[in-house]
Structure formats: structure tokens, C-alpha cells
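A structural walkthrough
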Amino acid sequence: MRESLLVDQYGRRLNYLRLSVTDRCNFRCYYCMPEEGIDFAKRSQLLSFDEMYRLSALFVGLGVDKIRITGGEPFVRNGIIPFLDKLSKLDGLNEIVITSNGTLTTQHQAALKNMGISKINISLDSLNAERFHYITRRDSFDTVYNGIMQMLDNGFDIKLNCVVAENKNIEDIIPFIELTKDHQIAVRFLEEMPFNGTETSGYTGWDHTKIYEHIAAHYNRINKIISEANSTSVNYQIASYKGSFGIIPSFSRTFCGTCNRIRLSATGELRTCLYGAPAANLRDLIRSGASGEELEQIILNAVAKRERDGFAAEAASRQSIHTSMSVLGG
Ligand code: SAM
Ligand code: SF4
């Protein structure tokens, strides 16, 4: 296997690009943006698909072998399917995975399968239609839930992302675990982060320990399962259940030591840490005529200077840490 050239000052190699293809979304999840939305970028400020492809190829040349397509909601951007098709043929790129809210995903199942894309993370914070509506500010529970079940039947590898918060969805934690009894599905519980597009912190104290203890109080036999080295989640399975569950300490940030991710926002901002300021704007550099070698050097320099962890990156950043996750590309 090729070794990535993207190595930071602490020796971590980055081989996983999270590419946000839009900042727009058809949901308004309370933890991501206010009801009225955010100040969305003008269309001309978004990277074009050609620019995204050129940059993806550059990252792959530097050693990235996995790209996650995210947003905003990736499937609201016109032209996403032909772009994914082209990307899926990029030499050296082993895996494309997607994070989506699941409203529009089902209709593209056949196309995704044909491109070899089968791993999809879907955000689902409640198994109750009313709470789902309250959380997302949209009445789409049936569409999303039925779509997930259909995709599971069609052989997709589905993970559910569930942001846990007081007064929102604590009563859903155990039903989510019960969903793993008969379905080969991985549910991952996330701590709420401050990236909600408003100046409030959001975090309600449901950290990874509290989430685990809540689950442990309901089950006698929870087995820890082996996770990939760069996994952000600590993963478990209830004995005899088909699926699994994981907990992602996204607010506590205990996984930074093995982080292999780099992020490109829909407007071209390059981030070497979710909690840090952008290191460069690759869109501006492309549009001012930067050569491939110049872009590569800028990316390598940004990676070399990467901070030790999310706390150091946050301290070094002067920008607001309340920027919506749909802008950062979660
Ligand atoms: N729209 C897609 C979706 O919701 O899956 C992709 C983009 S969304 C920004 C990516 C992930 O970020 C989702 O799983 C969402 O739950 C998570 N997310 C957004 N804001 C968050 C926050 N403030 N704290 C924790 N997770 C957050
Ligand atoms: Fe949209 Fe995803 Fe943000 Fe929810 S979390 S508002 S689905 S981008």
C-alpha cells in the first residue's frame, strides 16, 4: 500500500479527505443551523465540480485513498451523481463514502451501487416521527426511515449518526440499540459540538461516559469490539445482536492522536482540524492560476503545521467555533 505524503509534525499520516460539496441543506437540524438557515455561500463561491475533481486528484496524488462526500446535504447539489461517477474512476482512490440526511439518497441507490459506493452514513437522531420533526424542523421521518430499511435490504452498509442531547432524544438511545438486534446496522452516538451556526454552545453534558453509562444500565452483556486504528468511535455490541453501536467523543476530542483526516469545504477552505481555522483557500488559489505543484506545496505545508489536537487547534484559531457544521463539512 502507498504511504501518504501528507504527514504532520506529530508523524500522523493523512489519507482520508472529507469533501463538502455544498453548504446548503433541505433540513434545519437544531444542532447545525438556525431555523432561518445560515448565510449560504453564493453559487459562484462554491467550488465547481471540475475544481473539486482537480483538487481530489491532487489529494489522491499525495496519498489520500478514501474520500467522504459530505455537506450540507450532498444530494441537494445538482450534478452530484455524474461527479461521483467520475470520481469513482479516479486511479488510486480506493473508497468513496457518503454522509447524508437520507431524504434523497434512496432514489440514487442503483447509480451508487454501479459506482461501487456502498457505505453510507445517515443522520438519524430519533426513531419517533414527532421528535424527528422537532430536531430537524422537517416532517420527513417516514422517508428517511423507510429509505434506510430499503437500503439495508439492498445490501448497503449503513451507519446511523445520532447526536445525543438532553430534552431532545435521550428516550431514543435504547430504541436505537434495539434496532441493532435484528438489523445489521451500526448506530453511532455523537456528543453535540458547538458548530450550530449560532453563538450558543449547545452542549448539554451528554458526553461519551454518560452515554455509555446510560446504555450499560439497560444491558448485562455489552462486548467491546475491535475498531479500525483511525476510528473516531469506540464500538460495542450487545451479545447476540446483529448490529453494533459506537460512541463518538466529538466534543471531548479523545481521538485526535490517531486522526487521519483532512477537510475541504464547499468554498475551498482547507482544514487540517475540524476545530481549527482554515489553513488556505484552495478555490482562490486555483482561480488565481496556481499550478498543481504550487497547490501541492501549500497542502503539504498546511499539513506539516497541523496542531496536536482539537484543543490546540481551537486555541490557535481566532475564528468562531460556532460556524455551522454544514459549512465545515461534518
Ligand atoms: N447533511 C448530511 C447529514 O446530516 O448527514 C451531511 C452533513 S452533516 C453536517 C454531517 C454530520 O454532522 C451529521 O451526522 C450531523 O449529525 C453532524 N453534526 C452537525 N452538526 C453537529 C453538531 N453541532 N454536533 C455534532 N454533530 C453535528
Ligand atoms: Fe442539514 Fe446535515 Fe446540518 Fe442536518 S446536520 S441541517 S441534515 S447539513
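The preceding data block contains the structure.
These notes cover the structure that comes with them.

As a rule of thumb, nonpolar side chains are buried together in soluble globular proteins. Grouped together as the largest cluster of nonpolar side chains are 98 residues, with contacts concentrated most on Phe 59, Ile 69, Phe 83, Leu 84, Leu 160, Phe 189 and Ile 299. Element by element, the count of residues in this core is highest for helix H1 (residues 49-62), at 8 residues. In this structure, Ile 299 is in contact with Leu 6, Leu 58, Phe 59, Leu 62, Ile 262, Leu 270 and Leu 282, ignoring residues within four places of it in sequence.

With 3 bridges connecting them, strand E3 (residues 95-100) and strand E4 (residues 119-123) associate as parallel partners. Paired with Ile 98 across the two strands is Ile 120, which belongs to E4. Crossover connection from E3 via helix H3 (residues 109-115) to parallel E4: handedness right-handed.

What follows is about helix H2 (residues 80-87). Among all positions in H2, only Ile 80, Ile 81, Phe 83, Leu 84 and Leu 87 are buried. Projected down its long axis, H2 shows its buried positions confined to an angular sector of 160°, all on one face. Those residues of H2 that are buried lie in contact with strand E1 (16-20), H1, strand E2 (66-70), E3 and H3.

Turning our attention to the environment of Ser 233. Here Ser 233 shows up in the loop between strand E7 (222-225) and strand E8 (234-238). Residue class for Ser 233 comes out buried when judged on its relative accessible area of 6%. Placed 19 residues apart in sequence, Ser 233 and His 214 show a C-alpha to C-alpha distance of 17 Å. Side-chain polar atoms of Ser 233 contact the side chain of Asn 235, separated by 2.9 Å.

We now examine H1. Its 14 residues give H1 an end-to-end C-alpha distance of 20 Å, which sits within 8% of 20 Å, the value for a rise of 1.5 Å per residue. With 10 of 14 residues buried, H1 is to be regarded as a mostly interior element. If you check which residues of H1 are buried, you get Phe 49, Glu 51, Met 52, Tyr 53, Leu 55, Ser 56, Leu 58, Phe 59, Val 60 and Leu 62. Positive phi shows up at Gly 63, right after H1, with a value of about 120°.

Cut-offs used in this document
- Residues numbered from 1 in each chain as written.
- Chains lettered and ligands numbered in written order.
- Predicted model: local features only at pLDDT ≥ 70, side-chain atom pairs only at ≥ 80, totals over all residues.
- Heavy atoms only, no water.
- Core = buried A, V, L, I, M, F, W, Y, C linked by side-chain atoms within 4.5 Å.
- Buried < 20%, exposed > 50% of the residue type's maximum accessible area, 1.4 Å probe, protein only.
- Helix = DSSP H or I, 4+ residues; strand = E, 2+ residues; numbered from the N terminus.
- Contact = heavy atoms within 4.5 Å.
- Pairing = 2+ DSSP bridges.
- Right-handed = clockwise from strand over helix to strand, strands pointing away.
- Arc of directions from axis to C-beta.
- Polar contact = N/O pair within 3.5 Å; in protein donor to acceptor, adjacent residues only side chain to side chain.
- Expected span 1.5 Å × (residues − 1).

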